[in-house]
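One letter stands for each residue in the lines below.
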Amino acid sequence: MYELLVDLGGWLTGPEQWAGADGIGVRLLEHLQYSALATVIAAAIALPLGLLIGHTGRGAFLAINLSSFGRALPTVGLVVLVFLASGLSMTPVYVALVALAVPAIVTNTYAGMAAVDRDVKDAARGQGMRWHQVLFHVELPLALPLIMTGLRLALIQVVATATIAAYVSFGGLGRYVFDGLAQRDLVQVLGGAVLVAVLAVALDLLLAAVQRLLFRHRAPASASA
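Residues numbered from 1 in each chain as written. Predicted model: local features only at pLDDT ≥ 70, side-chain atom pairs only at ≥ 80, totals over all residues. Heavy atoms only, no water.

Enquirer: Could you clarify how one ought to interpret the overall build of the protein chain in this entry?
Expert: Along the protein chain, the regular secondary structure elements total 9 helices and 0 strands. In the protein chain, buried positions account for 44% of the 225 residues. Residue pairs in contact within the protein chain that sit at least 24 positions apart in sequence constitute 76% of those at least 6 positions apart. Accessible area for the protein chain stands at about 12,100 Å²; split by element, carbon and sulfur atoms hold 67% of it. (Helix = DSSP H or I, 4+ residues; strand = E, 2+ residues; numbered from the N terminus. Buried < 20%, exposed > 50% of the residue type's maximum accessible area, 1.4 Å probe, protein only. Contact = heavy atoms within 4.5 Å. Areas by Shrake-Rupley, 256 points an atom, 1.4 Å probe, with all protein chains shown as cover.)

Written out as structure tokens, the structure is:
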């Protein structure tokens, strides 16, 4: 075990691992690119849906059960299914990552909107605000902490799962995991796994710090599961 850790440390710090098109720096940027694009697409789909459900109160059953759907989603199976339909491209990867990210964003957006005090909304309407003014000037600002928590959870889930890009012969940190498995190189497999874990934890800590900074004057709210 000690020798394995020593070899892992040598692999992670070796200059040859950071150089060239297959270097850790390049793979890290690819991984971040896949993760960021998938999260942005998921947010474009999920945020309007969550806001609509939270504002109208209709479709709450869908929002609540999307969380369970996200946990049960067979990501690799979805990649294979879309791959068979669309061929060799990044499309299956993005479809799977977006499908993974949408439930967390919808669920937390709905939870944030639902947590807004009804008296506050009634007071806004009593002052003559139209529905869109209540939504964007009252409900959305109050729900924003939980919405950001949903985006943060979605991004971390996507980062941890974006290794599947290597499953269909693309890049990212998953390249080390799949190449290591093919070559029976345990050190490379562990190196890839460690890099993904460190990236996910670092992003989580960074986003949590940003969230605390932005909402330091607000009482914390618990995120939806």
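Enquirer: I'm lost on the environment of Lys 121 in this one. Help?
Expert: Checked against the element boundaries, Lys 121 lands in helix 6 (residues 118-126). Lys 121 sits 13 residues away from Val 134 along the chain, and the two C-alpha atoms are 6.8 Å apart. For Lys 121, the contacting residues outside a window of four places in its chain are Met 113, Val 116, Val 134 and Glu 139.

Enquirer: What am I meant to see in unusual backbone geometry here?
Expert: Most peptide bonds take the trans form, and the phi angle of most residues other than glycine is negative. Despite not being glycine, Ser 169 shows a phi value in the positive range, around 75°. Relative to the helices and strands, Ser 169 resides in the loop between helix 7 (131-161) and helix 8 (174-183). Looking at Ser 169, the relative accessible area reads 57%, which means it is exposed.

Enquirer: Is there a simple way to explain the nonpolar core in this structure?
Expert: Generally speaking, nonpolar side chains in soluble globular proteins are found buried as a group. Core analysis: the biggest nonpolar cluster contains 25 residues, and Val 93 and Leu 97 have the highest contact counts within it. Within the residue set of this core, elements represented by two or more residues are helix 2 (24-56), helix 4 (75-86), helix 5 (91-114) and helix 7. Top contributing element to this core by residue count: helix 5, with 10 residues. With residues up to four places along the chain from it excluded, the contact list for Val 93 reads Val 79, Ile 164, Ala 165 and Val 168. Counting 13 residues, the second largest nonpolar core, distinct from the first, contains Trp 11, Ile 24, Tyr 176 and Leu 203. (Core = buried A, V, L, I, M, F, W, Y, C linked by side-chain atoms within 4.5 Å.)

Enquirer: Help me understand helix 8 in this model?
Expert: Looking at helix 8, one finds that the buried residues are Gly 174, Arg 175, Tyr 176, Val 177 and Gly 180. Where helix 8 is buried, its residues contact helix 1 (2-13), helix 2 and helix 9 (186-214). Just past helix 8, the residue Arg 184 takes up positive phi, approximately 55°.

Enquirer: Explain the pattern of salt bridges to me, please; I cannot follow it from the model alone.
Expert: A side chain with one charge may pair with a side chain of the opposite charge, provided their charged atoms come close. Overall, the coordinates contain 4 salt bridges when judged by the stated rule. Put simply, Arg 27 and Asp 22 hold a salt bridge, and the shortest N to O gap is 2.7 Å. With a relative accessible area of 9%, Arg 27 lands in the buried category. One network of salt bridges, with partners in common, ties together Asp 22, Arg 27 and Glu 30. (Salt bridge = Lys/Arg side-chain N within 4 Å of Asp/Glu carboxyl O.)

Enquirer: Whenever I open this one, the packing of helix 2 against helix 9 confuses me. Can you help?
Expert: When two helices pack together, their arrangement is given by the angle between the helix axes and the distance between those axes. Two elements in contact, helix 2 and helix 9, have axes whose closest approach is 12 Å; the angle formed by their N-to-C orientations is 55°. Between helix 2 and helix 9, the angle is such that the two are oblique. The hand of the helix 2/helix 9 crossing is right-handed. Judged by residue contacts, Ile 24, Leu 28, His 31 and Leu 32 of helix 2 engage Leu 195, Val 196, Leu 199 and Leu 203 from helix 9. (Axes fitted to C-alpha atoms, helices over the stretch in contact; angles between N-to-C directions. Parallel < 35°, antiparallel > 145°, perpendicular 65-115°, else oblique. Left-handed = near helix turned anticlockwise from the far one by under 90°.)

Enquirer: Please clarify how helix 6 should be interpreted in this entry.
Expert: Count 3.6 residues to each turn of an α-helix, and residues three or four apart come out pointing the same way. The N-terminus of helix 6 is capped by Asp 117, whose side-chain oxygen sits 2.8 Å from the backbone nitrogen of Asp 119. Phi for Gly 128, located one or two positions after helix 6, is positive at around 95°. (Polar contact = N/O pair within 3.5 Å; in protein donor to acceptor, adjacent residues only side chain to side chain.)

Enquirer: Can you help me understand a nonpolar patch on the surface in this one?
Expert: Taken together, the side chains of Leu 37, Ile 41 and Ile 45 make up a nonpolar region of the molecular surface, amounting to roughly 240 Å² of accessible area. Relative to the helices and strands, Ile 45 resides in helix 2. (Patch = residues over 30% accessible without salt bridge, like charges linked within 9 Å, V, L, I, M, F, W, Y side chains within 5 Å.)

Enquirer: Sorry if this is basic, but what is going on with the packing of aromatic side chains here?
Expert: Geometrically, a pair of aromatic rings is defined through the distance of the ring centres and the angle of the planes. Across all of its chains, the model carries 3 aromatic pairs by this definition. Arranged with centres 6.4 Å apart and planes meeting at 85°, the rings of Tyr 34 and Tyr 94 form a pair that is edge-to-face. In this pair, Tyr 34 sits in helix 2 while Tyr 94 sits in helix 5, placing the two residues 60 residues apart along the sequence. Judged on exposure class, the residue Tyr 34 and its partner Tyr 94 are both buried. (Phe/Tyr/Trp six-rings, centres within 6.5 Å; stacked < 30°, edge-to-face > 60°.)

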